[in-house]
Amino acid sequence: MVRSLLLSFCQWCNNSWWGHGIRHSTWLFPFVEIFHLLGLGILGGTVLILNLRLMRLAFKSESTAELAGEVRPWMLGSLAVMLVSGFLLFSTEAVKMYGNWAFQFKMLFLLLAVIYTFTIHRKVTLADDGRFGRVVRVFVAIVSLLLWSGVGLGGRALGYVTTSVSSVSELKRP
């Protein structure tokens, strides 16, 4: 049931006017991808800055909470740009991505990274620097870096993993 709904959603995206328009445009796909990559760079920078501070390896003159407040608008803005541009890029070949293990890997890590960032990581980052011990702060930072790295690695693997249309068509059979 869920697989059928996901495949239907992918087919709808694939057949949408924006998916078709971006896919058949000479310059639109690279234009959207530029914004996706810029968002990736900014998000990656904010994640790295916060986690280096959590581990007390850099930016020691500021509290973690102050630094988090300063980079939060950049983090949220770049995440929004990446989600919108990523959806547009996905729409150009959504059915192909449905059966792609690298895409599934990326989406799983994206979901986990976003949930982790706005729950556990946020709680530790916004807390007083003395509230959580060094071991907890380093652990939280390493998990964050691993989750966001998983998103990047999954995205990078997309260019190397191919999915045949016939394998996706086979998924529709009962």
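Residues numbered from 1 in each chain as written. Predicted model: local features only at pLDDT ≥ 70, side-chain atom pairs only at ≥ 80, totals over all residues. Heavy atoms only, no water.

**Q** Describe a nonpolar patch on the surface, listing the residues and the values that go with them.
**A** On the surface, Trp27, Phe31, Ile34, Phe35, Leu38 and Val81 cluster together to form a nonpolar patch covering roughly 610 Å² of accessible area. The biggest single contributor to the nonpolar patch is helix H3 (residues 28-54), with 4 residues. (Patch = residues over 30% accessible without salt bridge, like charges linked within 9 Å, V, L, I, M, F, W, Y side chains within 5 Å. Areas by Shrake-Rupley, 256 points an atom, 1.4 Å probe, with all protein chains shown as cover. Salt bridge = Lys/Arg side-chain N within 4 Å of Asp/Glu carboxyl O. Helix = DSSP H or I, 4+ residues; strand = E, 2+ residues; numbered from the N terminus.)

**Q** So what's going on with the packing of aromatic side chains? Residues and values would help.
**A** On inspection of all chains with the given rule, the structure shows 11 aromatic pairs. The interplanar angle of 85° and the centroid separation of 5.7 Å between the aromatic rings of Trp17 and Trp18 together place this pair among those described as edge-to-face. Overall, Trp17 belongs to the exposed group, its relative accessible area being 70%. Judged by centre distance (6.4 Å) and plane angle (40°), the ring pair of Phe87 and Phe90 falls under tilted. One end of the pair is Phe87 and the other is Phe90, both in helix H4 (residues 64-92) and 3 residues apart, which spans about a single turn. (Phe/Tyr/Trp six-rings, centres within 6.5 Å; stacked < 30°, edge-to-face > 60°. Buried < 20%, exposed > 50% of the residue type's maximum accessible area, 1.4 Å probe, protein only.)

**Q** Could you give an account of the pattern of salt bridges, naming the residues involved and the relevant values?
**A** Considering all chains together, one arrives at 1 salt bridge under this definition. A salt bridge links Lys96 to Glu93, with the nearest nitrogen and oxygen atoms 3.8 Å apart.

**Q** Which residues make up the packing of H3 against H4, and what are the values?
**A** It is at 8 Å that the axes of H3 and H4 come closest, and there the two elements cross at 150°. Considering their axes alone, H3 and H4 lie roughly antiparallel with respect to each other. In this structure, the crossing between H3 and H4 has a hand that is left-handed. Residues that form the contact of H3 with H4 fall into these classes: 20 nonpolar, 8 polar and 2 charged. (Axes fitted to C-alpha atoms, helices over the stretch in contact; angles between N-to-C directions. Parallel < 35°, antiparallel > 145°, perpendicular 65-115°, else oblique. Left-handed = near helix turned anticlockwise from the far one by under 90°. Nonpolar A, V, L, I, M, F, W, Y, C, P; charged D, E, K, R; others polar.)

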